[in-house]
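Survey of secondary and tertiary structure
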Amino acid sequence: MVTPVKKTFLKEYVNPVGKSVPRIDGKGIVTGQAKYAFDVSFPNMLVGKMIRSPHPHARIISIDTSRAGKLPGVRAVITARDTDGIKFGSNEYFFPHTVDQMALESEKVRYVGDEIGAVAAVDEETALEALNLVDVQYEVLPFVVDVREAMKPGAPQIHESLNNIAVILPVNFGNPDRALKQADYVREDLFYAPAAHMAALEPHVCVGQWETFSNKVTLWASSQAPFKCREALAKTLKLDLNDVRVIKMAVGGGFGGKLEMLPMDFAACLLSKKAGGLPVKICCNREEEFLATRRKHGMIYKLKSGVKKDGTLVAITGEVIADGGAYCSYGPTVLAAAIMRIFMVYKIQHFRMTGYRVYTNTPISGAMRGFGGVQAGFAVESHMDMLAEGIGMDPIAFRLKNITTPDMVTINKMVLTTNGLRECIDKAIAASDWYNKRGKQKHLCRGIGIGIAADVMGSKMYKSHESAGSIVKVEEDGSVYLFTGAADTGQGSNTALSQIAAQELGVSYSRIRCKSGDTEITPFDTGSFASRVTFISGNATLLAARDAKEQILSVVAEELKRDIDDLDIRAEEVIAEKDKSVLMSFDKALELCYAFNYGKQIIGRGSYNPKTTPIDFRTGEGNVSGSYGFEAQIVEVEVNKETGEVRILKLWDAHDIGKAINPQSVEGQIEGSLAMGLGYTFMENLRFDNKGRPANGNFANYRIPRTIGTPPIECIMVETGDPNGPFGAKGMGEAALLPTAAAIANAIYDAVGIRLKELPFTPDKVIQALKEKEQLEASAGSQTSR
């Protein structure tokens, strides 16, 4: 018999929760050994390319692929004729009528870049030549690019929806009209938030292989949600779920853009089948990323609200128009989140908001980090400052009077347990020296502004459950393997989950090996979105580790004739709870488990589904999350009146994170969110030409923030110890992005007295606003002199 070699594990990594332990995949990333989808390579692998529409709106008359198919080196060509014509979408459970996209369109194209076929060849040069040989005849149709024009009667009809409105979402509570009449001050504002792109450095890449001998499909992909991708692939390929395997490789950024199956994923698999089982790789170039993946919804956000003189917020009404592009994607739930996030932040009894998700002949809008909350946050938090000013109230005092509190149920039935929003505000104003700066630096053209936000830890808005599973397997040599379906997309979830597993199991973090995101060998997980992984997947991991620990302790209890309830494993030792005495080492306990008398393999299982209720979209009611995170953000700016440039002097972000599993990762998430917020505030605006094509769809023309020039950031962690979170933790991947634009807008107003209501804040907009302010002041002065 071969005796397993005992490994040495680092004692300094015991009790890892709350410590900034090294990333479990860190060395692989920095040494270039991490394997991304582009690195997947097989003998005889083919290169795939998508056949795309050159028209924004057209009927497909015919597609002739014969010349392309005869080109030497071409191994397969597919069109809709090769498919089962099954539509897919991302909101099928709650909005079945929004399942509107074909894997390959067969009758009509709806934007420049729409997929109608694909080719696979021995190399990229041949594949590109084959694209030019495909003859497609179109009947060009009228098209519409502007979202407001698309809603007008008589506009070109993109789908079957009346006035191109895919979804109308009314949310009503109380009697807002009566409440507005009783308000002491009422104001109405209109805000514009543009389309933007995820701009992940790694483009979409996939490798598909159809095993002809087993009729099974494997897709290697850069994915945030491999199980959701598997579901869509199985549906569109007309296969059973267990015949489709999706393997998530290392991901070079997703930010919502890699949550869905795209036509390229489908095409790689079907091309492989037609090529006799040869694997097919498809990789988007940067122009295709901007053109044919996903983007942020551009939104027009109208608000009308009333307040009492004492600052009580009495009613909010409004309208949201979201530019959805050519297909629905995640649009309905993005719209819902853009409307309903406000209930987590402010105590509101009278509310009416109607949202419209509108089709245009432009690239598809989908999920992007913040999920509608960035656009809403800009509008709502700017509006709140203006309401406060209208009654002569400090914006901090106004917010403190109206914010939600711990242990309350909102008007739409969200159950808030721990709520550190007040503490976040208090800590942020103390760190930033708010009261010594607000309104007192105008002579320096400096100002300070605040924005607050809240976010979910997962969201039961996609399907009937939100569950996650984990497996913890303890080997004879003491190695611990964590299997999780959660997708680490760069945020460090594999590390955080490994820390949770080690902490609950009572062992060193250095023992943990993590395998994630493989639909054939890891348990189910809905994916990496809605800041859900630490909270939901973390709970599943905790339960799996607890199960493994109980299995070990059951053997120890039997061997020592002790009560298992008096045993625990902590810091690599089995202890007696009553007197805290050490009974044996963890390694010794494992020897017992695998000894002749027991021979017990240790495989712990955990599954967690938060006790939540889906949104009832008829009423707007529902407790969509098992917990909620909160944050306050303060920004200090300096405005150059000559050039219109705005310089960020410092950002303070106070975040209710429940418990920091890995403080360094928490800081990284906050800093990354703030960087994206700065980009959206000052730079990012995905513009479209008169045919709906991205006018700045490359990194030469689409500006994003870089580390150079990033302002000082102070992260303040507020630990409220959520009773439902693993070791009290909450998720926190997105909330820090939500109020950034508004906090900057409010700071600019404090500095120079101009109110910017349209993103991004470019120097020309600042200069124009300053000129308009001067003209108003001059006009008011002349009227006074008369």
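So, a few notes on the structure that sits alongside this text.

**Observations concerning the overall build of the chain**
For the chain, the helix and strand inventory stands at 20 helices and 30 strands. Computed over C-alpha atoms, the radius of gyration of the chain comes to 28 Å, within 12% of the 28 Å expected from 2.2 N^0.38 for 786 residues, which places it in the range of a compact globule. The dimensions of the chain, computed from C-alpha atoms along their principal axes, are 105 × 80 × 45 Å. By the burial criterion, 62% of the 786 residues in the chain qualify as buried. In the chain, 80% of the contacts between residues at least 6 apart in sequence involve partners at least 24 apart. Counting only carbon and sulfur atoms, one obtains 50% of the accessible surface of the chain, whose full area is about 29,800 Å². For the chain, the distance from the average site of its 91 positive side-chain charges to the average site of its 93 negative ones is 2 Å.

**Regarding the sheet that holds strand 24 (residues 567-570)**
Read across the open sheet, the three strands follow the order 24-25-26; overall the sheet is antiparallel. If you trace the sheet from one side to the other, it starts and ends with strand 24 and strand 26 (582-585), each paired once. With strand direction ignored, the average angle separating the axes of adjacent strands in the sheet is 25 degrees. Sitting on the sheet, helix 17 (residues 586-593) is in contact with strand 24, strand 25 (573-576) and strand 26, with an inclination near 70 degrees to strand 26.

**Section: the pattern of salt bridges**
Inspection of the entire model under this criterion finds 49 salt bridges. Close ionic contact of E124 with K49 constitutes a salt bridge, the shortest N to O distance being 3.0 Å. Of this pair, E124 sits in helix 3 (residues 124-133) while K49 sits in strand 1 (residues 46-52), and the two are 75 residues apart along the sequence. Given a relative accessible area of 43%, E124 falls into the partly exposed group. A single network of salt bridges, built from pairs that share partners, joins E504, R546, K549, D568, R570, E577 and K580.

**Considering the sheet that holds strand 29 (residues 646-656)**
Strand order in the open sheet formed by four strands is 20-28-29-30, with mixed pairing between adjacent strands. Edge positions in the sheet fall to strand 20 (446-456) and strand 30 (713-718), since each of these pairs with one other strand and no more. Looking at each pair of strands side by side, their axes are set apart by 15 degrees on average, direction ignored. Taken together, the 10 bridges between strand 28 (residues 628-639) and strand 29 define a ladder with antiparallel strand orientation. In the strand pairing of strand 29, E631 is matched with H655. With respect to the sheet, helix 13 (residues 421-432) is in contact with strand 20, strand 28, strand 29 and strand 30, its orientation differing from that of strand 28 by roughly 25 degrees.

**Comments concerning the side chain of E684**
Tracing the backbone through its elements, the reader meets E684 in the loop between helix 18 (663-682) and strand 30. Within the structure, the side chain of E684 is placed 2.6 Å from the side chain of Y702, a separation counted as a polar contact. Here E684 is in contact with P194, A195, A196, H197, M676, G679, Y702, R703, I704, P705 and P760, once residues within four sequence places are set aside.

**Here's the deal with the packing of helix 11 (residues 373-390) against helix 12 (residues 395-402)**
Their axes nearest at 9 Å, the elements helix 11 and helix 12 cross at an angle of 110 degrees. What the angle tells us is that helix 11 and helix 12 run roughly perpendicular. Contacts between helix 11 and helix 12 pair E381, M384, D385, L387 and A388 from the former with P395, F398 and R399 from the latter. Here the contact of helix 11 with helix 12 is built from residues that sort into five nonpolar, no polar and three charged.

**Thoughts on the packing of helix 11 against helix 19 (residues 740-752)**
The contact between helix 11 and helix 19 brings their axes to 7 Å, and the two run at 35 degrees. Relative to helix 19, the crossing made by helix 11 is right-handed. Where helix 11 abuts helix 19, its residues G377, F378, E381, S382, D385 and E389 lie against A741, A742, A745, N746 and Y749. Considered class by class, the residues forming the contact of helix 11 with helix 19 number five nonpolar, three polar and three charged.

**Looking at the packing of aromatic side chains**
Counted according to the given criterion, the structure contains 16 aromatic pairs. With 5.5 Å between their ring centres and 65 degrees between their planes, F94 and F617 make a pair best called edge-to-face. With F94 in the loop between strand 4 (87-88) and strand 5 (101-102) and F617 in the loop between strand 27 (602-608) and strand 28, the pair connects residues that are 523 residues apart, well separated along the chain. A residue is classified by how much of its surface remains accessible, and F617, at 14% relative accessible area, is buried.

**Quick word on unusual backbone geometry**
Of note, the amide linkage connecting L759 to P760 takes the cis form, showing an omega dihedral of -10 degrees. Mapped onto the elements, P760 comes out in the loop between helix 19 and helix 20 (763-785). For N163, which is not glycine, the phi torsion reads 55 degrees and is therefore positive. The phi angle at D407 is positive, at roughly 55 degrees, despite the residue not being glycine. Secondary-structure assignment places D407 in the loop between helix 12 and strand 18 (408-409).

**Some thoughts on the environment of N132**
As for its placement among the helices and strands, N132 is situated in helix 3. Note on N132: relative accessible area 66%, which makes it exposed. Sequence-wise, N132 and R67 are 65 residues apart; in three dimensions their C-alpha atoms are separated by 9.5 Å.

**Side note on helix 19**
For helix 19, which comprises 13 residues, the first-to-last C-alpha distance of 18 Å matches the rise-based estimate of 18 Å (1.5 Å per residue) to within 8%. With respect to burial, helix 19 is a largely interior element, 12 of its 13 residues being buried. Immediately beyond the C-terminal end of helix 19, within one or two residues, lies G753, with a positive phi of roughly 75 degrees.

**Notes on the environment of G311**
Looking at the secondary structure, you find G311 in the loop between strand 15 (298-307) and strand 16 (313-325). G311 sits 257 residues away from P54 along the chain, and the two C-alpha atoms are 54 Å apart. Residues within four places of G311 in sequence aside, it is in contact with I391, M393, F398, K401 and N402.

**Regarding the pairing of strand 3 (residues 74-79)**
Here strand 3 lies mainly inside the structure; five of its six residues are buried. Sheet topology places strand 3 next to strand 7 (residues 115-121); five bridges connect them, and they run antiparallel. Counted as the bridge partner of A76 is A120 from strand 7.

**Focus on the nonpolar core**
If you look at the biggest cluster of nonpolar residues, it comprises 135 residues, and the most contacted ones within it are Y346, I425 and I748. Counting residues per element, this core draws most heavily on helix 11, at nine residues. Beyond its immediate stretch of four places on either side in the chain, I748 contacts V637, V639, V646, G753, I754, L756 and F761. Formed by 39 residues, the second largest nonpolar core is a distinct cluster that contains L542, V555, A557 and I661.

**Focus on the state of the cysteines**
Scanning all chains against the criterion turns up zero disulfides. Of all cysteine sulfurs in the structure, the one in C424 sits closest to C715, which takes part in no disulfide; the separation is 12 Å. On the accessibility criterion, C715 (18% relative accessible area) is buried.

The rules behind the values
- Residues numbered from 1 in each chain as written.
- Predicted model: local features only at pLDDT ≥ 70, side-chain atom pairs only at ≥ 80, totals over all residues.
- Heavy atoms only, no water.
- Helix = DSSP H or I, 4+ residues; strand = E, 2+ residues; numbered from the N terminus.
- Rg over C-alpha atoms; globule rule 2.2 N^0.38 Å.
- Buried < 20%, exposed > 50% of the residue type's maximum accessible area, 1.4 Å probe, protein only.
- Contact = heavy atoms within 4.5 Å.
- Areas by Shrake-Rupley, 256 points an atom, 1.4 Å probe, with all protein chains shown as cover.
- Lys, Arg positive; Asp, Glu negative; His and termini not counted.
- Charge placed at Lys NZ, Arg CZ, Asp CG, Glu CD.
- Pairing = 2+ DSSP bridges.
- Axes fitted to C-alpha atoms, helices over the stretch in contact; angles between N-to-C directions.
- Salt bridge = Lys/Arg side-chain N within 4 Å of Asp/Glu carboxyl O.
- Polar contact = N/O pair within 3.5 Å; in protein donor to acceptor, adjacent residues only side chain to side chain.
- Parallel < 35°, antiparallel > 145°, perpendicular 65-115°, else oblique.
- Nonpolar A, V, L, I, M, F, W, Y, C, P; charged D, E, K, R; others polar.
- Left-handed = near helix turned anticlockwise from the far one by under 90°.
- Phe/Tyr/Trp six-rings, centres within 6.5 Å; stacked < 30°, edge-to-face > 60°.
- Expected span 1.5 Å × (residues − 1).
- Core = buried A, V, L, I, M, F, W, Y, C linked by side-chain atoms within 4.5 Å.
- Disulfide = S-S within 2.5 Å.

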